[in-house]
Structure formats: C-alpha cells, structure tokens
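Chain and residue survey
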Amino acid sequence: MTKMKRVFINGFSVAADNSVAVCPVIRARDKVYFNDHMKRLSGVAKRIHIDIGDGTLMHAKLVSTRGLWWPEETQVDIHVLSADPLRYIDDLFKLEPQMIIVQAESNGNFLDFAEKAHSRGVAVGVAIKPETPVELIESAITSIDHVLILSGHFSDTSGHANTHLLTKVLRLKQLRSGLEIGWEGGITMDNMATLVAGGVNVLNIVGTIQRSVDPRATYERLEAAAKALPSRHKRL
C-alpha cells in the first residue's frame, strides 16, 4: 500500500493521545438545509461529519457530492450512505475531505478504495450497524483508520445509546490499539463518560448543535464536558 500522508494520524486522529472530539453531524435532504446548517457551524466546530446518500441504504435520499462545501481549516468526515459507495469516490477525492467513511455492509472492493484514499492522504473509515459483527471487517482492519459505531438505524429517531455495543469497541481496540472509534446515536451529557470510558474517541452529535439557539454555546458546552472527563475515562 502506498504510504498515506500523516495528516490524519498526527494531526486529526484523537485516538493517539486519548483525547475526545465532539463532531456535529449534518444529515441534510437538500442543499438549502445543508447550507443553513453548515453556516451555523462555520467557525464553531473544528470537525464536522457530513452524511450523503442515494437512497439505497436508507429510505430518504440525502445531499449528493455536488455543492458540498465547508470552511477552510475544518476537519471534515464524509459518510457515504450507499450500497455502492465506490461510484462516488472520484468526486469525493476532488473535495479533499480528511476522511471518507463507507458502510461495512456496502458492496465493492474496499481494499482497493482504501489504497487509493491513502495514496491521496485521505483517511478511511468504516461504519457498522448495530447488528453487524466486528468480524465482517477484521480482515481489513490494518487498512482502516476509523470505525464508526452506529447505535441505531438511520430511520431511528429515538436517540437511544445502546451501550451494549461498547463490546464492539473493546474488540476493535484489541485488534488495533491505535484505531480511532466514533459513536453516533443517543449521546447525552449523562452518558458521555460511559462512552468515552468504553473507548470512544469521537462523539458524533446528530443535529443538536446546529439546531440550537446558540450553536457556539452548545458546542462549547459539550466540548468542555468531554475535556473535563477524568483521565481514566480517556483510556480503554
């Protein structure tokens, strides 16, 4: 594999020093919604997660690669919600995100994608649904920079954090100790410590920050809470 640029591991990954990142998620069905939420997060969040989707993995279509933008110096992860994510890879490379995340359950040659991404200095992430076993991605673990644990399904609006899924985090850390782990679904001030103690490095907050009256205050409150966790909570 071509050696990837070190921007992700040394500059962006929070797994190396056991720190925690708060990452707002934009899941927009149209460009108007996307633009509004990105503007509300501009200058606020250091790292932003963008969902795009063609309707093959969830009932609703989300924004496509066309028209995606973000402020300079923002660390952006793009999650491709598609059964055939590799068809969008060339367009995504042109956008130069810090990371591209694909679903473990999707089709295509993952190792070929990972090699191409790394050769361009783009980190590689894999998202796994609640019912998907870690074993599905074990053989490719050395090519993966980030695993996103989905606590619910895309249509689930209950916001429940299924902490039983932390067993997956333990297994992933055993497979690769420096792996960055993200969590999406049901994150609150009350369960944040439990998730981080379980090995989660990136807290994906869906909608809450940019929908609030004061996005900056909401983001800073969550970030301060994450940083204030005792050091023992920041190690697996």
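Residues numbered from 1 in each chain as written. Predicted model: local features only at pLDDT ≥ 70, side-chain atom pairs only at ≥ 80, totals over all residues. Heavy atoms only, no water.

Take the side chain of Ser-151 next. Along the polypeptide, Ser-151 turns up in the loop between strand 6 (146-150) and helix 6 (166-175). Given a relative accessible area of 7%, Ser-151 falls into the buried group. A polar atom in the side chain of Ser-151 sits 2.7 Å from the backbone nitrogen of Asn-162. (Helix = DSSP H or I, 4+ residues; strand = E, 2+ residues; numbered from the N terminus. Buried < 20%, exposed > 50% of the residue type's maximum accessible area, 1.4 Å probe, protein only. Polar contact = N/O pair within 3.5 Å; in protein donor to acceptor, adjacent residues only side chain to side chain.)

Attention shifts here to the pairing of strand 6. Taking burial as the measure, the five residues of strand 6 include five buried ones, the bulk of the element. Side chains of strand 6 alternate between two faces, with His-146, Leu-148 and Leu-150 and Val-147 and Ile-149 buried alike. Bridging between strand 5 (residues 123-128) and strand 6 involves four bridges; their strand directions are parallel. Bridged to Ala-127 within strand 6 is Leu-148. (Pairing = 2+ DSSP bridges.)

A side chain of one charge can pair with a side chain of the opposite charge if their charged atoms are brought near each other. Within the structure shown, the criterion is met by seven salt bridges. Taking the shortest distance from any N to any O, the salt bridge between Glu-138 and Arg-171 comes out at 3.3 Å. Here Arg-171 lies in helix 6 and Glu-138 lies in helix 5 (residues 135-138), a separation of 33 residues in the sequence. A single network of salt bridges, built from pairs that share partners, joins Arg-27, Asp-51 and Glu-184. (Salt bridge = Lys/Arg side-chain N within 4 Å of Asp/Glu carboxyl O.)

Mapped onto the elements, Ala-161 comes out in the loop between strand 6 and helix 6. The class for Ala-161 is buried, based on a relative accessible area of 11%. Residues Ala-161 and Gly-185, 24 residues apart in the sequence, show an inter-C-alpha distance of 5.6 Å. Non-local contacts of Ala-161, meaning those with residues more than four positions away in its chain, are made with Ser-151, Trp-183, Gly-185, Gly-186 and Asn-191. (Contact = heavy atoms within 4.5 Å.)

All right, on to the sheet that holds strand 4 (residues 99-103) then. Ordered by their spatial adjacency, eight strands build a closed barrel running 1-2-3-4-5-6-7-8, and the pairing between neighbours is parallel. Each strand of the sheet is rotated relative to its neighbour by a mean of 25°, with strand direction disregarded. Pairing between strand 1 (residues 21-27) and strand 2 (residues 47-53): three bridges, direction parallel. The partner of Val-25 across the bridge, within strand 2, is His-49. Across the face of the sheet, helix 4 (residues 110-119) comes into contact with strand 4 and strand 5 while running at roughly 145° to strand 5. (Axes fitted to C-alpha atoms, helices over the stretch in contact; angles between N-to-C directions.)

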